[in-house]
Amino acid sequence: YVLKKNISAYEYACHLAQRVHRNHSTKVLIVDDSKSALLMLKRHLEIQRLQVITAENGKDALLKMAEHPDIKLVITDYNMPEMDGFELIQQLRIRHPKDQLAIIGLSSSGEARLSAQLLKSGANDFIGKPFSYEELLCRVNQNLDYLDHIQDIRDAANRDYLTKLHNRRYFFNEGKLLHQRALFQETPLSLAMIDIDHFKKINDRYGHEAGDTALKHMADLLRGEFPDDLVARFGGEEFCILSTTDSANTYKRFDEFRRKVADSLVHEDNYQFGFSVSIGISSVQNEQLDASIHAADLNLYRAKEQGRNQVIS
Ligand code: GH3
Ligand code: MG
Ligand code: MG
Ligand code: MG
């Protein structure tokens, strides 16, 4: 009875200790050739509401990784048939860097050499067998928190705080890769610069906060219409899209978007208004990305000059 009571108190403590933000579907892969060890680990990790996937050796683990590319953490034994923990870790590291996939190696206590070997193979951390589950859970949480923090920092560096769209910096980094790939595969790539018309008037008439709401509204429309393209907030009320659609359809697609923006309304309790956008398009063929941006910018300028609320390619 005492044991049972202690275990449930312990489980309750684990429950309280869960980080609120931790996603219930965080996936963990555990790899051990001992079925009983797997079962024990699985049970304790599931109390943490982690989604647990099991594998009995390194080869099996690689298959499971391919099946579940969203696994965040691997906990692996070192001594296993078929493929041992060291080789598994080395194989995993070819594709998954330390700040995207955490790996904890299970080593035997009293074999300090093994722990060093696990770390050298690419593990983020290790834990000596036999271990207390409290220590295991601390290490699991610490490693998952580390990944979360890296992701938060990455988002802060790559996204615009107001609209949560990608920022200019991310646009150039990612854009260069997309550009190279398009050149290599000889697939079309087009670029659109979008600027809100008379945005200053929105700020002047309804206030800066309403202007912010209009920018968020614009971001929602962009996310809805171009889910597969690289969309960024380029500057104040200017957005840039790098799109892999067939260039013959580019004009039509952006003109439909222009109409959609003009037909939509921004509304809150104390205001309601609409706005339009001007769009300049260029194709990104054998040119550098910078040159295509410049070309799209010139077309945007012409769209403004010719009366706004239009697309020029
Ligand atoms: P045009 O049709 O020629 O593009 O005119 P415009 O008024 O849209 O362009 P202009 O460049 O004169 O003004 C852009 C304004 O956008 C000025 C700036 O105060 C405002 N702005 C830039 N960033 C933000 C923001 O984050 N929030 C809000 N509310 N306003 C912003
Ligand atoms: Mg987070
Ligand atoms: Mg403007
Ligand atoms: Mg502008």
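Residues numbered from 1 in each chain as written. Chains lettered and ligands numbered in written order. Predicted model: local features only at pLDDT ≥ 70, side-chain atom pairs only at ≥ 80, totals over all residues.

- For the chain, an unreviewed UniProt entry supplies the name diguanylate cyclase and the organism Zhongshania arctica.
- Checking UniProt for the chain, the heading Catalytic activity (unreviewed entry) contains the comment "2 GTP = 3',3'-c-di-GMP + 2 diphosphate". (UniProt positions renumbered as here; feature names shortened; annotations may be inferred.)

So, the pairing of strand S1 (residues 27–31)
Now for step 1: Burial runs high along S1: four of the five residues are buried.
Now for step 2: Pairing of S1 with strand S2 (residues 51–55), which is carried by five bridges, proceeds in the parallel orientation. Bridging across to S2, Ile30 finds its partner in Thr54.
Now for step 3: This β-α-β element, S1 to helix H2 (residues 35–47) to S2, shows right-handed connectivity. (Buried ≥ 20, exposed ≤ 12 C-beta atoms within 10 Å, placed from the backbone. Helix = DSSP H or I, 4+ residues; strand = E, 2+ residues; numbered from the N terminus. Pairing = 2+ DSSP bridges. Right-handed = clockwise from strand over helix to strand, strands pointing away.)

Quick word on the sheet that holds strand S7 (residues 230–235)
Now for step 1: Strand order in this open sheet of five strands is S7-S8-S6-S11-S12, and the pairing throughout is mixed. A strand with exactly one partner marks an edge of an open sheet, and here the two such strands are S7 and strand S12 (311–312).
Now for step 2: Lying on the sheet, helix H10 (residues 247–263) is in contact with strand S6 (190–196), strand S8 (238–243), strand S11 (277–283) and S12; it crosses S11 at an angle near 170 degrees. (Contact = placed C-beta atoms within 7 Å. Axes fitted to C-alpha atoms, helices over the stretch in contact; angles between N-to-C directions.)

Focus on the site of ligand 1
Now for step 1: Near ligand 1, the surroundings consist of 16 residues, among which Asp197, Phe199, Lys200, Gly211 and Gly236 are the closest.
Now for step 2: Secondary-structure elements contributing two or more residues to the shell around ligand 1 are S6, helix H8 (199–206) and helix H9 (208–225).
Now for step 3: Considering every element that reaches the shell around ligand 1, the biggest residue donor is H9, with four residues. (Near = placed C-beta within 6 Å.)

Topic: the packing of helix H3 (residues 58–67) against helix H4 (residues 85–95)
Now for step 1: Across the interface, H3 lies against H4 with an axial gap of 9 Å and an inter-helix angle of 25 degrees. It follows from the interaxial angle that H3 and H4 lie roughly parallel. By crossing handedness, the relation of H3 to H4 is classed as right-handed. Every residue of H4 that contacts H3 at Gly58, Ala61, Leu62 and Met65 is listed here: Gly85, Glu87, Leu88, Gln91 and Leu92.
Now for step 2: Looking at side-chain class alone, the contact of H3 with H4 contains five nonpolar, three polar and one charged residues. (Parallel < 35°, antiparallel > 145°, perpendicular 65-115°, else oblique. Left-handed = near helix turned anticlockwise from the far one by under 90°. Nonpolar A, V, L, I, M, F, W, Y, C, P; charged D, E, K, R; others polar.)

What about H2?
Now for step 1: Between its first and last C-alpha, H2 extends 19 Å over 13 residues, near the 18 Å set by a 1.5 Å rise per residue.
Now for step 2: Once H2 ends, the next one or two residues include Arg49, with phi positive near 60 degrees. (Expected span 1.5 Å × (residues − 1).)

Re the packing of H8 against H9
Helix packing geometry: the angle between the two helix axes and the distance between the axes.
Now for step 1: Between H8 and H9, the shortest axis-to-axis distance is 6 Å and the interhelical angle comes to 135 degrees. In terms of orientation, H8 and H9 fall into the oblique class. Each of Phe199, Ile202, Asn203 and Tyr206 in H8 lies in contact with H9, whose residues at this interface are His208, Ala210, Gly211 and Ala214.
Now for step 2: Taken together, the residues of the contact of H8 with H9 sort by class into five nonpolar, three polar and no charged.

A few points about the pairing of S6
Now for step 1: Buried residues dominate S6, accounting for seven of its seven residues.
Now for step 2: Judged by which residues are buried, S6 turns out to be covered on both faces: Ser190, Ala192, Ile194 and Ile196 on one side and Leu191, Met193 and Asp195 on the other are all buried.
Now for step 3: Bridge count between S6 and S8: six bridges; the pairing is antiparallel. Its bridge partner being in S8, Ile194 is matched across the sheet by Phe239.
Now for step 4: Relative to S11, S6 runs antiparallel, the two being bridged by seven bridges. Considered in S11, the bridge of Ser190 is made with Ser283.

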